[in-house]
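Given next are the chains, with one letter for each unit.
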Amino acid sequence: MQKDHIVCRCNMVSVGDVEMYIEAFPEMPIDQLKAAMKIGTRCGCCQLDDCPTIDVKFERVVANLINT
């Protein structure tokens, strides 16, 4: 997964943005982090399992970061 992969197209959130937020706010609950980044707040497509407009889902990015 690359830092420029899109997590939320409407709000232009990338994997790198998610990494930056998690590093800056490591104690923030994941659902609050998602809300702070406004992921899924416009069209909602990025919340679907088969969204054609994103590269990777937010939850997968978080899981990869937590497991590393």
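Note: the structure precedes this text.
Everything numeric in this text was worked out from a predicted model, so none of it was measured.

Explain the overall build of the protein chain to me, please; I cannot follow it from the model alone.
Helix and strand counts for the protein chain stand at three helices and two strands. Here the C-alpha radius of gyration of the protein chain, 11 Å, is about what a compact globule of 68 residues would show, namely 11 Å. On the principal axes, the C-alpha backbone points of the protein chain span a range of 30 × 20 × 15 Å. A burial count over the protein chain gives 29% of its 68 residues as buried. If you take every contact in the protein chain between residues at least 6 apart in sequence, the share linking residues at least 24 apart comes to 56%. Charged side chains of the protein chain number 7 positive and 10 negative; the gap between the two group centres comes to 6 Å.

Can you walk me through the nonpolar core in this structure?
Note on soluble globular proteins: their nonpolar side chains tend to be buried together. V7, V13, V18, M37, I39, F58 and V61 are the most contacted members of the largest nonpolar core, which totals 17 residues. Listed by contribution, the elements that provide at least two residues to this core are β1 (6-8), α1 (15-24) and α3 (58-66). Residue contacts for M37: discarding those within four places in its chain leaves N11, V13, D17, V18 and Y21.

What should I look at first to understand the packing of aromatic side chains in this one?
In this description, an aromatic ring pair is defined by two values, namely the gap between the centres and the angle between the planes. Considering all chains together, one arrives at one aromatic pair under this definition. Each ring, one from Y21 and one from F25, has its centre 6.0 Å from the other, and the planes form 45°; the classification is tilted. Residue classification places F25 among the partly exposed positions, given a relative accessible area of 41%.

Mind showing me how you'd approach the pattern of salt bridges here?
For side chains bearing opposite charge, pairing can occur when the charged atoms are close. By the definition in use, this model includes three salt bridges. The closest approach of N and O atoms between K3 and E19, which form a salt bridge, is 2.5 Å. One end of the pair, K3, is in the segment before β1; the other, E19, is in helix α1, and 16 residues separate them in sequence. In this structure K3 comes out as exposed when scored by relative accessible area, which is 56%.

Would you explain the environment of D49 in this entry?
Mapped onto the elements, D49 comes out in the loop between α2 (30-36) and α3. We classify D49 as exposed; its relative accessible area is 75%. A distance of 3.3 Å separates polar atoms of two side chains, one belonging to D49 and the other to K57.

About the cut-offs
- Residues numbered from 1 in each chain as written.
- Predicted model: local features only at pLDDT ≥ 70, side-chain atom pairs only at ≥ 80, totals over all residues.
- Heavy atoms only, no water.
- Helix = DSSP H or I, 4+ residues; strand = E, 2+ residues; numbered from the N terminus.
- Rg over C-alpha atoms; globule rule 2.2 N^0.38 Å.
- Buried < 20%, exposed > 50% of the residue type's maximum accessible area, 1.4 Å probe, protein only.
- Contact = heavy atoms within 4.5 Å.
- Lys, Arg positive; Asp, Glu negative; His and termini not counted.
- Charge placed at Lys NZ, Arg CZ, Asp CG, Glu CD.
- Core = buried A, V, L, I, M, F, W, Y, C linked by side-chain atoms within 4.5 Å.
- Phe/Tyr/Trp six-rings, centres within 6.5 Å; stacked < 30°, edge-to-face > 60°.
- Salt bridge = Lys/Arg side-chain N within 4 Å of Asp/Glu carboxyl O.
- Polar contact = N/O pair within 3.5 Å; in protein donor to acceptor, adjacent residues only side chain to side chain.

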